[in-house]
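Structural overview for review
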Amino acid sequence: MFDTIIDPTVGAPGDERGRTALASRPGGLNGLRLGLLVNTKRNAADFLEEVAALLESEHGVTTVLTRTKPSIVHPAPPEMLEEFRGETDVVVVGVGDCGSCSASAIADGLQLEAAGIPAAVICSDAFRVSADAMAGLQGTPGYEYVTTAHPVASLSREGVRERAVQALPEIVGMLTRSSVAVAS
């Protein structure tokens, strides 16, 4: 019945995907337009709202677009990505707090990068395997993302705020580096 079993983390035999060209990074965030791509996980919107408030007050961005994906397990629809392309300079994506939503967040980040928009993807540390597998499947093994301690969904608003503060330096670094390192 089956001649070959396909491993979904590597794709079908002969599937040669090219490495995603990552967007160039600005030297700083002051004056840039921030987008937030929220999945439907509990506390994801709150986490990204806290990050946006910090980026606004400490780095001079203006949040201009917030969109919530219709599905936690699927990448953002093309029309949503087109909105980000037309209206934002940088995007924060998250929060990957389970296996499928972490993989989906990485796919979203890579789609934004391919469109020329620097992205900082946030995933909880318990799901690095899923996130890394998706980066490899998308042709960009070693794609960097921000991790926060698992879980995020069960945190209080104060806990969400604390996690956002902890993640902020790494998020800023992801959005402003001249190039994002990708392991070979």
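This text follows the structure it describes.
These figures come from a predicted structure and were not determined experimentally.

Here is what the cut-offs are and how they apply
Residues numbered from 1 in each chain as written. Predicted model: local features only at pLDDT ≥ 70, side-chain atom pairs only at ≥ 80, totals over all residues. Heavy atoms only, no water. Helix = DSSP H or I, 4+ residues; strand = E, 2+ residues; numbered from the N terminus. Buried < 20%, exposed > 50% of the residue type's maximum accessible area, 1.4 Å probe, protein only. Contact = heavy atoms within 4.5 Å. Areas by Shrake-Rupley, 256 points an atom, 1.4 Å probe, with all protein chains shown as cover. Core = buried A, V, L, I, M, F, W, Y, C linked by side-chain atoms within 4.5 Å. Pairing = 2+ DSSP bridges. Axes fitted to C-alpha atoms, helices over the stretch in contact; angles between N-to-C directions. Salt bridge = Lys/Arg side-chain N within 4 Å of Asp/Glu carboxyl O.

The number of helices and strands found in the protein chain is five helices and five strands. Taken from N to C terminus, the helices and strands of the protein chain fall in the order β-α-β-α-β-α-β-α-β-α. For the protein chain, with 184 residues in total, the buried portion stands at 46%. A fraction of 80% describes how many contacts in the protein chain between residues 6 or more apart in sequence connect residues 24 or more apart. Carbon and sulfur atoms form 53% of the exposed surface of the protein chain, whose accessible area is close to 8500 Å².

Before going further, it helps to examine the nonpolar core. Formed by 29 residues in total, the largest nonpolar core has its most connected members in Leu29, Leu34, Phe47, Leu55, Val92, Ile122 and Ile171. Elements with a minimum of two residues in this core: strand S1 (33–38), helix H1 (44–59), strand S3 (90–96), strand S4 (119–124) and helix H5 (157–176). Among the elements that make up this core, the one with the highest residue count is H5 (eight residues). Membership of the second largest hydrophobic core comes to 24 residues, among which are Val93, Leu112, Cys123 and Leu137.

Here we take up the sheet that holds strand S5 (residues 146–148). Ordered by their spatial adjacency, five strands build an open sheet running S2-S1-S3-S4-S5, and the pairing between neighbours is parallel. Every other strand in the sheet has two partners, leaving strand S2 (62–68) and S5 as the edge strands with one partner each. Direction aside, neighbouring strands of the sheet carry axes that sit 20 degrees apart on average. Two elements, S3 and S4, share four bridges in a ladder whose sense is parallel.

All right, on to the pattern of salt bridges then. Applying the stated criterion across every chain, the model contains 10 salt bridges. In this structure, Glu49 engages Arg157 in a salt bridge whose closest nitrogen and oxygen atoms are separated by 3.5 Å. Placement of the pair is Glu49 in helix H1 and Arg157 in helix H5, with a sequence separation of 108 residues. Residue classification places Glu49 among the partly exposed positions, given a relative accessible area of 42%. What makes Arg157 partly exposed here is its relative accessible area of 34%. The shortest N-O distance in the salt bridge between Glu82 and Arg85 comes to 3.8 Å.

Interpretation in functional terms is not warranted from these geometric data alone.
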